[in-house]
Amino acid sequence: MKQLEQKILEEGIVLNGNVLKVDSFLNHQVDPQLMLSIGQAFASFFEAEAITKVLTLESSGIAPAVMAALTMNVPLLFARKRKSLTLKDDLYTEKIYSFTKQEESEVTVSRKFMSAEDRVLIIDDFLANGDAALGLSRIVEQAGGTVAGIGIVIEKAFQPGREKLIELGYSVHSLARVASLADGKVTFAAEPVAQTSSKD
Ligand code: 5GP
């Protein structure tokens, strides 16, 4: 997505440890017009998938995910990182290792909002090692639902997340694929032609 790549080149800051900071339009301040275009791009790519729900992880996934959900006219559900006061029996729970915080946290989704009938589009702001997307997919599977696709705003293609998800048979679509952050410079990779798993 050219508009997104342009924004990353103009405003993205490369931090140590292969982290890209995009807090002027995605991770802190949010550019709503860009988020709407991002949501529309996900909705268009996964149009044939009969999505019933969009699932993301609080907080940075919420802005792009709500725009995708709005465009597809389905609810957005975000997994919570904080412990809820609700009884554990009412929750799906997964441990997810955070790439940026370098610690494991427990994320929860209320059983009330996810069922075996759901065809879920998982959306996240970044894909690095795949832990966040894999944790969310385990929650969908706990509910007996189907992961109909995984939409990523910015994929760091030099990290192994995509391969792990494709290996498990998931359809992954990223709107910007960063090939390298070496020397403080962002370079992009092309979108891979094959989207399907080797197991298909
Ligand atoms: P993964 O779980 O795939 O290793 O990492 C994805 C998660 O870590 C995302 O939810 C995102 O919040 C965070 N993350 C990973 N890499 C980056 C990065 O380069 N920049 C920012 N801002 N967040 C990242």
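All values derive from a computational prediction rather than experimental measurement.

Parameters at a glance
- Residues numbered from 1 in each chain as written.
- Predicted model: local features only at pLDDT ≥ 70, side-chain atom pairs only at ≥ 80, totals over all residues.
- Heavy atoms only, no water.
- Pairing = 2+ DSSP bridges.
- Helix = DSSP H or I, 4+ residues; strand = E, 2+ residues; numbered from the N terminus.
- Axes fitted to C-alpha atoms, helices over the stretch in contact; angles between N-to-C directions.
- Parallel < 35°, antiparallel > 145°, perpendicular 65-115°, else oblique.
- Left-handed = near helix turned anticlockwise from the far one by under 90°.
- Contact = heavy atoms within 4.5 Å.
- Nonpolar A, V, L, I, M, F, W, Y, C, P; charged D, E, K, R; others polar.
- Core = buried A, V, L, I, M, F, W, Y, C linked by side-chain atoms within 4.5 Å.
- Buried < 20%, exposed > 50% of the residue type's maximum accessible area, 1.4 Å probe, protein only.

> Quick question: what am I supposed to make of the pairing of strand 6 (residues 103-110) here?
The side chains of a regular strand alternate, residue by residue, between the two faces of the sheet. Of the pairings in the sheet, the one linking strand 5 (residues 91-98) to strand 6 comprises 8 bridges and is antiparallel in character. Each bridged residue has a counterpart across the sheet, and for Lys-95 the counterpart in strand 6 is Glu-106. Connecting strand 5 to the next strand, strand 6, in antiparallel fashion are 4 residues, including Gln-102 with a positive phi near 55 degrees.

> Can you help me understand the packing of helix 1 (residues 2-11) against helix 2 (residues 32-45) in this one?
Helix packing geometry: the angle between the two helix axes and the distance between the axes. With their axes 10 Å apart at the nearest point, helix 1 and helix 2 run at an angle of 140 degrees to one another. Between helix 1 and helix 2, the angle falls in the class oblique. Handedness of the crossing formed by helix 1 with helix 2: left-handed. Where helix 1 abuts helix 2, its residues Gln-3, Leu-4 and Lys-7 lie against Leu-34, Ser-37 and Ile-38. Here the residues of the contact of helix 1 with helix 2 sort into 3 nonpolar, 2 polar and 1 charged.

> When you look at the packing of helix 2 against helix 3 (residues 62-72) in this model, what are you seeing that I'm missing?
Direction vectors running N to C along helix 2 and helix 3 enclose 55 degrees, while the axes themselves pass 7 Å from each other. The pairing of helix 2 with helix 3 is recorded here as oblique in orientation. The handedness of the crossing between helix 2 and helix 3 comes out as right-handed. Contacts from Pro-32, Met-35, Leu-36, Ile-38, Gly-39, Gln-40, Phe-42 and Ala-43 of helix 2 reach helix 3 at Ala-63, Pro-64, Met-67, Ala-68, Thr-71 and Met-72. Residues that form the contact of helix 2 with helix 3 fall into these classes: 11 nonpolar, 3 polar and no charged.

> Where do I start with the environment of Gly-144 in this structure?
Among the structural elements, Gly-144 can be located in the loop between helix 4 (131-142) and strand 8 (146-156). As a C-alpha pair, Gly-144 and Met-72 span 72 residues in sequence and 22 Å in three-dimensional space.

> Would you take a moment to explain the nonpolar core for this structure?
Buried together is how nonpolar side chains tend to be arranged in soluble globular proteins. In terms of nonpolar packing, the biggest core is built from 32 residues, with Leu-4, Leu-20 and Ile-154 touching the most fellow members. For this core, the elements supplying multiple residues, two or more each, are helix 1, helix 2, helix 3, strand 7 (119-127), strand 8 and strand 9 (172-180). Of the residues forming this core, the biggest block, 6 residues, is contributed by helix 3. Filtering out sequence-adjacent residues up to four positions away, Ile-154 remains in contact with Ile-8, Leu-20, Val-22, Leu-26, Asp-125, Phe-126, Leu-127, Ala-176 and Val-178. Of all hydrophobic cores here, the second largest spans 26 residues; its members include Ala-79, Ile-122, Leu-127 and Val-140.

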